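Survey of secondary and tertiary structure
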Amino acid sequence: MTRPILSRRNFVTLAGAGTAAAFGIPAYLPRIGEAADTIKLGLLEPYTGVYAGPAENETHGFDMAVDAWNKRGGIMGRKIELVKEDEQNDPGVAAQKARKLVNQDKVVALCGTVSSGVSLSVAGVANTLGTLFMDSGGHSDDVTGKSCHWNVFRTCHSTWMETHATGYSLAKRFGKKWFLITPDYAYGHSLETGFKDVLARIGGTIVGDELTPLGTTDFSSYLTKIDAAKPDVVMVLVQGDDYTNCLKQMNQFGLLKKYAVGGPQVELEPLYGLPPEARQGYWGIEWYYKSEKTLGKNNKVAQQFVADTIKRVGKPPTARNAFGYITLDRLAQAMTDAKSVDPVKVARAIEGVHFNSIFNGTAYYRKEDHQLMWPMWVAKIRPDGTPGDKYDLFDVTDTEAAEAVEQTIAEKEKVCKLGYP
Amino acid sequence: MTARSELIVSAVVVAVLACAPFLSPLVHLDISIVSEVLVTALAVMSANLLLGYTGLPAFGNAAYFGLGAYGAALSVKYFNVDFVVAVLVGMLAALVGGLILGPFLLRRRGIYFGLLSIAFGQVFYFIAYRYTDVTGGEDGMNFPRPPIGIIHVVLREASFYYLVLAVFVVCLIAFRTVVRSPFGRTLVAIRQNETRVRYLGLNTDRFIFVALLISATMAGLGGALFGLLINFAYPLELDWHQSGYFVLMMILGGAGTVWGSLVGAFIYVIGKDIISTITPLWQIFLGALFVACVLGFPRGIVGSIQALRRGGAQTFADDDVNAAFDANAPVEIGRGV
Amino acid sequence: MIHDLAPQLFNGLVLGAFYAIVAIGLSLIMNLTGTINMAHGSFMTLAGYLAYSLVLRGTSFWFALIAAPLIVVVVGIVVERALVRPLYKREPFYSLLMTFGLSLIAEEVYRLIWGPNGVPFSPPPALNGTVALGFMNFPTFRIFIAVALIIAILALAFFLTRTRFGLRLRAAVQDTEMIAALGTNTQVLYAVNFGLGIFLAGIAGVLAAGMLGLSPTSGNALLMPAFVTVIIGGMGSLFGSIVGGLLIGMAISLTTLFIPAASEVSMYILMAVVLLVRPRGLFGEEGIFG
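Note that this is a predicted model, so its numbers are computed, not measured.

Quick look at the overall build of chain B now. Of regular secondary structure, chain B possesses 15 helices and 2 strands. In terms of overall size, chain B behaves like a compact globule, its C-alpha atoms giving a radius of gyration of 19 Å where 337 residues would be expected to give roughly 20 Å. By its C-alpha atoms, chain B is 55 × 45 × 45 Å across when sized along the principal axes. Residues counted as buried form 58% of the 337 residues belonging to chain B.

Within chain A, the secondary structure is distributed over 17 helices and 15 strands. For 421 residues, the compact-globule estimate of 2.2 N^0.38 gives 22 Å, and chain A sits close to it at 23 Å. Summarising its shape, the C-alpha atoms of chain A cover approximately 70 × 70 × 45 Å along the three principal directions. Evaluated residue by residue, chain A yields a buried proportion of 58% over its 421 residues. Restricting to contacts in chain A with at least 6 residues of sequence separation, those with at least 24 account for 70%.

All names here are of chain A. Burial along strand S8 (residues 233–236) is two-sided: the face carrying Val-233 and Met-235 and the face carrying Val-234 and Val-236 are both buried. Sheet topology note: the S8/strand S9 (residues 260–263) ladder contains 3 bridges and is parallel. Each residue of the ladder has a partner; that of Val-234, found in S9, is Val-261.

Here the focus is the domain arrangement of chain A. Residues and elements named next belong to chain A. Along its sequence, chain A is organised into domain 1 (34–157 + 287–371) and domain 2 (160–285). One C-alpha centre belongs to domain 1, the other to domain 2, and the line joining them spans 29 Å. In this assembly, 12 residues from domain 1 lie in contact with 11 residues from domain 2. For the side of domain 1 that touches domain 2, the elements supplying multiple residues, two or more each, are helix H2 (52–71) and helix H14 (319–338). Split into classes, the residues belonging to the side of domain 1 that touches domain 2 amount to 5 nonpolar, 5 polar and 2 charged.

Residues and elements named next belong to chain A. As summarised here, the arrangement of the 5 strands in space is S2-S1-S3-S4-S5, forming an open sheet in which the pairing is parallel. Each having just a single partner strand, strand S2 (79–86) and strand S5 (152–154) make up the two edges of the open sheet. Each neighbouring strand pair of the sheet contributes to a mean axis angle of 25°, computed without reference to strand direction. Sheet analysis places strand S4 (residues 132–135) next to S5, joined by 3 bridges and oriented parallel. By the bridge assignment for S5, Met-134 is matched with Phe-153.

Mapped onto the secondary structure, Ile150(C) falls in helix H5 (residues 140–162). Between the C-alpha atoms of Ile150(C) and Ala17(C), which are 133 residues apart in sequence, the distance is 8.5 Å.

Our next topic: the interface of chain C and chain B. At the junction of the two partners, chain C supplies 28 residues and chain B supplies 31 residues. Where the side of chain C that touches chain B is concerned, the elements lending two or more residues are helix H4 (92–114) and helix H11 (263–277) of chain C. Across the side of chain C that touches chain B, the residue classes break down as 22 nonpolar, 2 polar and 4 charged.

Residues and elements named next belong to chain A. Here strand S10 (residues 282–285) shows two buried faces, one formed by Tyr-282 and Gly-284 and the other by Trp-283 and Ile-285. The pairing of S9 with S10 spans 2 bridges and is parallel. From the neighbouring strand, Gly-262 faces S10, where its bridge partner is Tyr-282.

With that settled, the discussion passes to the packing of helix H2 (residues 40–56) of chain C against helix H9 (residues 218–233) of chain C. All names here are of chain C. Closest axis-to-axis distance for the H2/H9 pair is 8 Å, and the angle between their directions is 135°. Judged on the interaxial angle alone, H9 and H2 are oblique. For the pair H2 and H9, the sense of crossing is right-handed. Within the contact between the two elements, H2 uses His-40, Gly-41, Ser-42, Met-44, Thr-45 and Gly-48 and H9 uses Ser-218, Gly-219, Asn-220, Leu-222, Leu-223 and Ala-226. Each residue belonging to the contact of H2 with H9 can be placed in one class, and the counts come to 4 nonpolar, 8 polar and no charged.

This part covers the nonpolar core. In this structure, Leu110(A), Val122(A), Phe290(B) and Met271(C) are the most contacted members of the largest nonpolar core, which totals 331 residues. Each of domain 1 (34–157 + 287–371) and domain 2 (160–285) of chain A contributes no fewer than three residues to this core. Membership of the second largest hydrophobic core comes to 6 residues, among which are Val50(A), Ala52(A), Ala55(A) and Val114(A).

Attention now goes to unusual backbone geometry. Residue and element names in this part refer to chain A. Of note in the backbone geometry, Gln-88 takes a positive phi value of approximately 60° without being a glycine. Along the chain, Gln-88 falls in the loop between S2 and helix H3 (91–104). The buried category is assigned to Gln-88, around which 25 C-beta atoms lie within 10 Å. Even without being a glycine, Lys-230 presents a positive backbone phi close to 50°. Residue position: Lys-230 is located in the loop between helix H8 (226–229) and S8. Of the residues examined, Lys-230 has 11 C-beta atoms within 10 Å and is grouped as exposed.

All names here are of chain A. Read from one edge to the other, the open sheet built from 7 strands follows the order S7-S6-S8-S9-S10-S14-S15, with strand pairing classed as mixed. Strands at the two margins of the open sheet, each flanked by one partner only, are strand S7 (205–212) and strand S15 (394–400). Going across the sheet, the axis of each strand differs from the next one's by a mean of 25°, ignoring polarity. Packing of helix H6 (residues 186–202) onto the sheet brings it into contact with strand S6 (177–183), S7 and S8, and relative to S6 it is tilted by some 165°.

Before going further, it helps to examine helix H5 (residues 159–174) of chain A. For an α-helix the count is 3.6 residues per turn, leaving residues at separations of three or four pointing the same way. All names here are of chain A. The terminal C-alpha atoms of H5, which comprises 16 residues, lie 22 Å apart, in line with the 22 Å expected from a rise of 1.5 Å per residue. A large share of H5 lies buried, amounting to 12 of its 16 residues. Here H5 has its buried residues at Thr-159, Trp-160, Met-161, Glu-162, Thr-163, His-164, Ala-165, Thr-166, Gly-167, Ser-169, Leu-170 and Ala-171. Of the residues flanking the end of H5, it is Gly-175, one or two places downstream, whose phi is positive at about 135°.

Below, the discussion takes up the confidence of the model for chain B. Scored by pLDDT, chain B comes out at a mean of 89, with 95% of its residues at no less than 70. Within the model, the stretch residues 332–337 of chain B combines pLDDT values under 50 with 19 contacts to residues more than four positions away or in other chains.

Reading the values: rules and limits
Residues numbered from 1 in each chain as written. Chains lettered and ligands numbered in written order. Predicted model: local features only at pLDDT ≥ 70, side-chain atom pairs only at ≥ 80, totals over all residues. Helix = DSSP H or I, 4+ residues; strand = E, 2+ residues; numbered from the N terminus. Rg over C-alpha atoms; globule rule 2.2 N^0.38 Å. Buried ≥ 20, exposed ≤ 12 C-beta atoms within 10 Å, placed from the backbone. Contact = placed C-beta atoms within 7 Å. Pairing = 2+ DSSP bridges. Domains from an automatic or database assignment. Nonpolar A, V, L, I, M, F, W, Y, C, P; charged D, E, K, R; others polar. Axes fitted to C-alpha atoms, helices over the stretch in contact; angles between N-to-C directions. Parallel < 35°, antiparallel > 145°, perpendicular 65-115°, else oblique. Left-handed = near helix turned anticlockwise from the far one by under 90°. Core = buried A, V, L, I, M, F, W, Y, C linked by C-beta atoms within 7 Å. Expected span 1.5 Å × (residues − 1). pLDDT = per-residue confidence, 0-100.

Written out as structure tokens, the structure is:
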């Protein structure tokens, strides 16, 4: 018997591919073609990869702001349409998706991102194309520092703000001898620099600084050095999965009972993944859904936001939801104020404008570097939440004003040149 | 395929590619993604030379790709060079990488070669990640697209694409020339039975070394152009997963074929872009593609077409280099991969 | 310095025990059929997640420790029959690519089922404390891991030397053709061998979930050290995997003490050195990989 030209295996493979294409292409076609009377905004988030959790939450925040604005008739009478793309936590993919959104989908502004590398990449592309980019979740100082641009604004706090808000607060509470566990890459180094700056200002010392290399799952080798160093507080600078590993292991080594622990920032997303006995310490937080210190007294907009999120998602909003909401809300407001979607006009309408939102007090995107100047808070973790609310993990203890914890305008102007066209 | 029909097909393909800036918006794709297809195809060609033709598991080519990108990025950012010099520096960085690693890689064959490539690639990844002050660390580094020296013009979207297309065509012709040359034939012979080639008096190490250098330089060229395309260089480009994707594209398109690299890069890059727009579950499709390809389609698209044209019979013709990837290839043909 | 050395060495040994369990599973799968299982980490993560789900539904940790790996073994055997078996005739690099693709699918599926964030999983309170060892306080759970390794090794050794099936397995590693000619059903052998390797991966996965975090990407971080361990210990040697694991554990601990920045990359450099100088590793046998 002669062999068939197309073996059965190859046939099945091709048939499968063909079927997939047949189903996939119709799903894709609606993206082609325009609805000329909507205002399109591009949202880039890492829906796959390690930051998928925060990405989803930021997106919920963005969606809710869009819904709120569309209920009121949209921007200048035109509905807002969010065009979402998965940047996959990859700066190369993000750059290409940004180009697609601007050139093909014709969005008038880009928003989103979680990781700093992606934020920087998108900021660069946006600048080349002359489009606005609202960085909702990438924390690197460079976004409003040496890589700043006229068309880039940042909502979440900068790394500098994180270290200074928690640094001053923890030094007051526990003492000035610190043991740092620092991830050995760019983000960790900038946190380290920030903390060293705080210690220099208050006259403290670093009694141990363990740089944990990329991919460290086991922190035991670093933790065994803590006893010898006798610190007042152990600062954990690692994030994400590393944070979970580190704290879990600190607990298993009995260190959480012996030493005070804290760090520049923690988010609810990784915290939910930590067993309750390992949830300890004082940490920097960027927003919280259930404290007067973060929301303000009788802040109706904030309360509505929290209630709507719980109804829509089933869980209370985290700081990531807040980033998304605040970013979109401000962008839409600026377009309305400027009566235009022209990037330069909108940028001018964003910067320097004081506004109220879902947090305590007023804030503004600083004119000199486009950083949102809003407070940062420090909170103690409640391992098991409060009765009836297992999500209520933060007991907010301190508020730090933005101007007190961010670099001064003079310092920023040395490195940041916005370069308006 | 006769020489004439090959020329016609090539001309058609190049003509279609030349119209890409007008065709791509029709399917909602930006021209930048087509540029990405072409520069990726260069990297896939480099893997093809080592794996498809010479039979060495090339799992470290992302390192050369990344070296190209970082070479271009660092030279632009710190020395303000122009476009052409940036690309040349990138290629040089990759070539130097190949020169350094070559003597070590040459000492092993088979899967050990592959594992060594991975190990060395990870060392480069670590260097890019760790030396934040120079390379920007895991955040990567932004750098502007410099103008082309003599004419002082910065290439924008479409004109950049045409440059990349020109470079690609030149490289494709060069690749074809190399693999059809006596040198290329020797590489295939090495894959089929290295001992026999040595008994014929040839220094196989030297041939493999040259193939490695060509492969590294081509990957570096692709990397440098990619960096200039996205104005960014970042450590993930160097990671062994990226090498794995290049190998997948090679198999998908057709290992040991001239056009396979372009076909594979096209399907992977564009497919991933379109699917990821439709659903965040694109990674399942990608994984399934890997599995399906390895299990059911090891010859790849171009390889299968070539086999079809031979009537699907078990004749493994002289110029059917892809035959070794057939799932049922007899042992004599030497699956030296 | 000596005072710092003792805790680090001890810690390194115990860490090495953990890597050894992972490496043995990987090695078993590699030895018989030359299959390079890039999805080993994914199987580990699956076991961790299943243990988490079981405990959430009220079972004890101990039950989950055995049940979760068993469920994963079933998945593993299905994978082996459907996807791995067709590749036995081909070069190892095909199985590397195929299992790599599998790990991509697995990660996304875990994200769909258990969510993108990590989930909290702890050992039972009895194991979650510390033991005062004089020169340091050491986590009880890690001691448990070392004990688990010893039990696993003894059980495996018993299986391979004292049972008929284990004997056939060892014979098949030496000469598959001969044992098939003697009448053994090699297909069953392959499936059981793969299942055994996956069972060990499952146990390691539950232990890892207790010691580290548990998220869709958890498996990736443990895969490379496991491979390095197998290479250094020697492909084809289970004893080599144990020794390799212990060496890697201690190497990581010691470099952390002296040159912290290098501890991650030192693993790859060590791997390269071994591959160049003695590719079959410390105890490996020639054969499958030449």
